[in-house]
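A look at the structure
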Amino acid sequence: MHLLPIFDVTENIVAALKQSPQVLLHAPTGAGKSTALPLYLLEKGGFDGKIILLEPRRIAAKSIAYRLANQLNEPVGATIGYRMRAESKVSKQTRLEVVTEGVLARMLQQDPELTGISLVILDEFHERSLQADLALALLLDVQAGLRDDLRILIMSATLDNQKLTAVLPDAPIISSQGRSYPVERNYYPINPHQPFEQEVATMALRLLAQETGSMLIFLPGSAEIVRTAEILKEKVANDVLIFPLYGALSLAQQQQAIEPTKKGSRKIVLATNIAETSLTIEGIRLVVDSGIEKRAQFDFKTGVTSLLRQRISQSSQVQRAGRAGRLEAGICWHLMSQEQAQRAATHQIPEILSSDLSSLWISVLQWGCRDINQLTWLDTPSISPLNAAKNVLQHLGAINSLGGLTPRGLRMAQWGIEPRLAAILDFAREQSDDHYVTAARLCAVLEEPPRGREINLEWIAQQNNSFWVQREKQLSQNRTGTFRPELLASLLAVGFFDRVAKNRDNKGRFRLANGQGAIMDETQVMSNAPWILAPLLLQNSHYADVRILLALPIDIDEISTTFPEFVKNNTTIEWDEKRGVLIAWQQRQLGRLTISQSQLEKPDKQQMQQALLNWLRDNGLNALALSEETEQWFIRLALAQQWCPEASLPSLNETVLLETLEQWLLPELGNICSLKALQQFDINKLIKEQLTWHENQLLQSLFPTHYLAPTQTKVAIKYDLELPPVIAIRIQEVYGEKQSPIVANGKLPVVMELLSPAHRPIQKTQDLATFWAGSYKEVQKEMKGRYPKHLWPDSPESTAPIRRVKKFS
């Protein structure tokens, strides 16, 4: 063990930790940073208190704890222990705890001083999980205000030193060599027009036939793993064992993939990026890297997470190749071209920039901060996702109108689980033991949902899954209640009010309370249920509607009676094409879903105007005939946000204006009570007046509506959100002009579409000076032949422009 490269720098690490509150350790694959360094620090680091080792994944935490304990010839739970969700092995003798991320966050919230703890090690920090970023922010706050003696060791195989050193400029950086054998890396792009799993399996079989040893195949997700495994099982020999390895499997199933095979056998492990770091899978010397991963991307507007297939980063390529060289010289086939590999991003996008932030924000509030900037972040969360998180927490009853934690919010934060589930448990706690036990089982299922075709949550929750049973006992705190399926609907509604869905066609198509479309397979029994509640959804990039992964049929009248605060009375209006009249309806709505409605015989002015606003929201501002000038005004304002943020112009677009109709349009309606009168209303002038005179002038100076040619001709500038602005003008009118016009304070050149005397395009350029000096010669030659009686000077940049084209003879 002492031959590991990490021992070359252990004394440096100890010396650095004695001098500095934070230390950065860069240690490649095989250095021993996870399996040797913690024991060295425990024995010779001179720390009086405990050492906490943070591991991002449960399987890695458990595996490392057993490996460390084995080196001491002790059982886990003695000197070395571990603590994770639903399982822990620690004792009074434990001096080094391997914990998962959620556990560390709870330890900090329960005891901000981390009493009795001397050192916290953040392992595999390059993965940049949401909880790891939160843990670092809280630990730095503890060091700054409570524990200047607490030490933090941040270690990884591929540290993003630029960001870490920007936040921790005084932290020493220590580098260790890795102990990995040579890995031959080859690049073989696969055919994108053939089935992905078939192509991966073909390449894997080819490498397996050429080389000895076991193989690790990296695939994007569990579905691809299952399909590839089915192909391989039909074609490999009997002595080749196949194991899946992904997060949704039980720890016991994951352990099977890691353990060595019996002598004389080879194995193929098909894994997601769970196997990139921390884990040593015995016997692997061959790696097939599909080059693709699935990354969760949260859409804060819909509240739904998408799993995006994307190219892995360069750091992930290095990690994956390194798996082949842990125990002997190995081979890695990257199923991409070398050019594709080199074009990939250096590091993956941190979760804090792509995740639901509701759990992060409730933790920040529990910590005592009201402003995200009160803590130190490697990447500060964006405002829009934070606001979306605050809205969810307010609906859950966790925060009040002032943004502070409510009594329920304080209790929810102490659960240390996802806020929606914490709200369910808190509600159930106030009802009965049966509610509490049923809620505990429900939360256990939603924390570790099954993978498969069955989506009926009531049936799934009654299955005998060992993890769910264990987690239920932990969450219910062993209260003696009975699981009652009939309580599931009301419990789900507490945490997933926005996932109530109404059937659209009895063929598996639903509409969620937030307006998002959702689908399930038409063969599902509940595909024709009038109402369902769908707590688990997945956005597929190929479809506008989200896919329903778990659902429960519900009685909407029971839900609306139990939770009247979810239901709003609303007046809406619709146009009756046959009768040619407006009809006003009084509706009971849950979000954007109509539960029931009745026609209003004589709506008053206020009701009718509110109904008109609702009609406008459904149909958009274009229903009032927005002018081209107004459309361009929106685009110019958006470009000002992008190119000139220092101007601090308001962010106004159609979405914002539709959301705030009551503030800016309703007061201007006067006696308008009919759709015809509303459609004749001049909306364009009013929209422009949403900016002050000074702001409109500033917008005009940054992004003028017109270009004034040397001939004093005003030519409209056409703006676009994706393309450069364009003007179309006859070439003779810009003779003498030496440069193309530039907007946005000189940052954005305008494309000049130069026209012939017959107003036909002859050239586009963003650099008029270069055009005059270069390709103009070809244009001149062609135009002289086509328009011989017009002026085509040899030096257009010094020729006087012509407004009314004079024939030249």
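Read on for an overview of the structure. (Residues numbered from 1 in each chain as written. Predicted model: local features only at pLDDT ≥ 70, side-chain atom pairs only at ≥ 80, totals over all residues. Heavy atoms only, no water.)

So, on to the layout of surface pockets. Empty space within the second largest pocket amounts to approximately 2200 Å³. Taken together, 46 residues line the second largest pocket, and the ones lying closest to its centre are H395, A513, N514, G591 and R592. Of all elements in the fold, only helix 13 (383-395), helix 15 (419-429), strand 17 (500-503), strand 22 (567-576), strand 23 (581-590), strand 24 (593-599), helix 21 (605-619) and helix 23 (654-659) reach the threshold of two or more residues within the lining of the second largest pocket. Ranked by the residues each element gives to the lining of the second largest pocket, the list is headed by helix 13, at 7 residues. Each residue belonging to the lining of the second largest pocket can be placed in one class, and the counts come to 15 nonpolar, 17 polar and 14 charged. (1 Å grid on protein atoms, 1.4 Å probe; cavity = no way out; pocket = protein on both sides within 12 Å on 5 of 7 lines; lining within 4 Å. Points joined across faces, edges and corners; volume = space filled by probe spheres on them. Helix = DSSP H or I, 4+ residues; strand = E, 2+ residues; numbered from the N terminus. Nonpolar A, V, L, I, M, F, W, Y, C, P; charged D, E, K, R; others polar.)

Take the side chain of S363 next. Relative to the assigned elements, S363 resides in helix 12 (residues 358-367). With a relative accessible area of 13%, S363 lands in the buried category. With residues near it in sequence (within four places) discarded, S363 still touches Q109 and L134. (Buried < 20%, exposed > 50% of the residue type's maximum accessible area, 1.4 Å probe, protein only. Contact = heavy atoms within 4.5 Å.)

Moving on: the sheet that holds strand 11 (residues 240-245). The parallel open sheet is built from 6 strands, whose spatial order is 9-16-13-10-12-11. Both outer strands of the open sheet, strand 9 (183-187) and strand 11, are each paired with one neighbouring strand and no more. This sheet shows a mean twist of 15 degrees between the axes of neighbouring strands, independent of strand direction. Bridge analysis of strand 9 against strand 16 (residues 330-334) gives 5 bridges, and the strand direction is parallel. Paired with V183 across the strands is G330, a residue of strand 16. Together, strand 10 (214-218), strand 11, strand 12 (266-271), strand 13 (284-289) and strand 16 form the strand contacts of helix 7 (residues 196-210), whose direction differs from that of strand 13 by roughly 155 degrees. Against the sheet, helix 10 (residues 314-322) engages strand 9, strand 10, strand 13 and strand 16, with an angle of about 125 degrees to strand 9. (Pairing = 2+ DSSP bridges. Axes fitted to C-alpha atoms, helices over the stretch in contact; angles between N-to-C directions.)

All right, on to the sheet that holds strand 4 (residues 87-89) then. Overall, mixed pairing links the 8 strands, which are arranged 4-3-5-2-6-7-1-8 in an open sheet. Only two strands of the sheet have a single partner each, and these edge strands are strand 4 and strand 8 (173-175). In this sheet, adjacent strand axes meet at a mean angle of 20 degrees when their direction is disregarded. Two strands pair when backbone bridges link them, and strand 2 (residues 50-54) and strand 6 (residues 117-122) are joined in this way by 5 bridges, in the parallel orientation. Across the sheet, K50 pairs through a bridge with I117, a residue of strand 6. Sheet strands in contact with helix 1 (residues 10-19) are strand 1 (22-26), strand 6, strand 7 (151-156) and strand 8, and its direction is about 140 degrees off that of strand 7.

Another aspect to go through is the environment of P28. Among the structural elements, P28 can be located in the loop between strand 1 and helix 2 (37-44). Among the residues examined, P28 registers a relative accessible area of 25% and is labelled partly exposed. Taking the C-alpha atoms as reference, P28 lies 8.8 Å from G322; in sequence the two are 294 residues apart.

Grouped together as the largest cluster of nonpolar side chains are 98 residues, with contacts concentrated most on L104, V120, L122, I154, V364, W377 and I424. Core analysis: the second largest hydrophobic core is formed by 60 residues, L675, I683, I729 and Y735 among them. (Core = buried A, V, L, I, M, F, W, Y, C linked by side-chain atoms within 4.5 Å.)

If you check helix 13, its first and last C-alpha atoms are 19 Å apart, about what 13 residues at 1.5 Å a residue would give, namely 18 Å. For helix 13, every residue scored as buried is listed here: P385, L386, A388, A389 and L393. One side of helix 13 holds all its buried residues, which, seen down the axis, span an arc of 160 degrees. Exposed side of helix 13, more than 90 degrees from the buried face: I383 and H395 are the residues found there. (Expected span 1.5 Å × (residues − 1). Arc of directions from axis to C-beta.)

Two faces, one strand: in a regular strand the side chains alternate between the faces of the sheet. Both faces of strand 5 (residues 96-99) are covered, namely the face carrying L96 and V98 and the face carrying E97 and V99. Two elements, strand 2 and strand 5, share 4 bridges in a ladder whose sense is parallel. By the bridge assignment, I51 is partnered in strand 5 with L96. Across 4 bridges, strand 3 (residues 80-84) lies against strand 5 in parallel orientation. When the sheet's bridge partners are listed, I80 is paired in strand 5 with L96.

Attention shifts here to the packing of helix 4 (residues 101-110) against helix 5 (residues 130-145). Viewed as axis vectors pointing N to C, helix 4 and helix 5 meet at an angle of 25 degrees, and their least axial separation amounts to 9 Å. One finds that helix 4 runs roughly parallel with respect to helix 5. The element helix 4 and its partner helix 5 pack so that their crossing is left-handed. Counted together, E101, G102, L104, A105, L108 and Q109 of helix 4 and Q131, A132, A135, L138, L139 and V142 of helix 5 form the full contact between these two elements. Classifying every residue of the contact of helix 4 with helix 5 by side-chain character gives 8 nonpolar, 3 polar and 1 charged. (Parallel < 35°, antiparallel > 145°, perpendicular 65-115°, else oblique. Left-handed = near helix turned anticlockwise from the far one by under 90°.)

Within strand 13, 6 of the 6 residues are buried, which leaves the element mostly enclosed by the surrounding structure. For strand 10 and strand 13, the ladder comprises 5 bridges, and the chain directions are parallel. The partner of L216 across the bridge, within strand 13, is V287. Inspection of the sheet shows strand 13 paired to strand 16 by 4 bridges, in the parallel sense. Along strand 16, the bridge assignment pairs L286 with I331.

Compared with an ideal rise of 1.5 Å per residue, which puts 14 residues at 20 Å, helix 3 (residues 58-71) spans 20 Å between its outermost C-alpha atoms and is within 8% of the ideal. Burial in helix 3 covers these residues: R58, I59, A60, A61, K62, I64, A65, L68 and A69. Directly beyond the C-terminal end of helix 3, a positive phi value near 55 degrees is found at N73.

Attention now goes to the pattern of salt bridges. Going through the model one piece at a time under the given rule, you end up with 39 salt bridges. D433 serves as the salt-bridge partner of R479, at 2.7 Å between the closest nitrogen and oxygen. Of the two residues, R479 sits in the loop between helix 18 (466-476) and helix 19 (488-495) while D433 sits in helix 16 (residues 433-447), which places them 46 residues apart along the sequence. Linked by salt bridges that have partners in common, R408, R411, D426, R429 and E430 make up one network. (Salt bridge = Lys/Arg side-chain N within 4 Å of Asp/Glu carboxyl O.)

Per the stated rule, a full pass over the model turns up 13 aromatic pairs. Look at W415 and Y436: their rings are 6.4 Å apart centre to centre, the planes differ by 70 degrees, and that puts the pair in the edge-to-face class. Highlighted residues: W415 in helix 14 (residues 407-415) and Y436 in helix 16, separated in sequence by 21 residues. Between W772 and Y776, the ring centres sit 5.4 Å apart and the planes meet at 85 degrees, which makes this aromatic pair edge-to-face. Of the two residues, W772 and Y776, both sit in the buried class. Cluster of aromatic residues (ring-pair linked, three or more members): F427, F497, F563 and F566. In this arrangement the basic side chain of R309 is found over the ring face of F196, its NZ or CZ atom lying 4.7 Å from the centre. When the ring centre of W361 is taken as origin, the NZ or CZ atom of K390, which lies over that ring, is 4.6 Å away. (Phe/Tyr/Trp six-rings, centres within 6.5 Å; stacked < 30°, edge-to-face > 60°. Lys NZ or Arg CZ within 6 Å of the ring centre and 35° of its normal.)

Remember that the coordinates give geometry; whether it matters functionally is a separate question.
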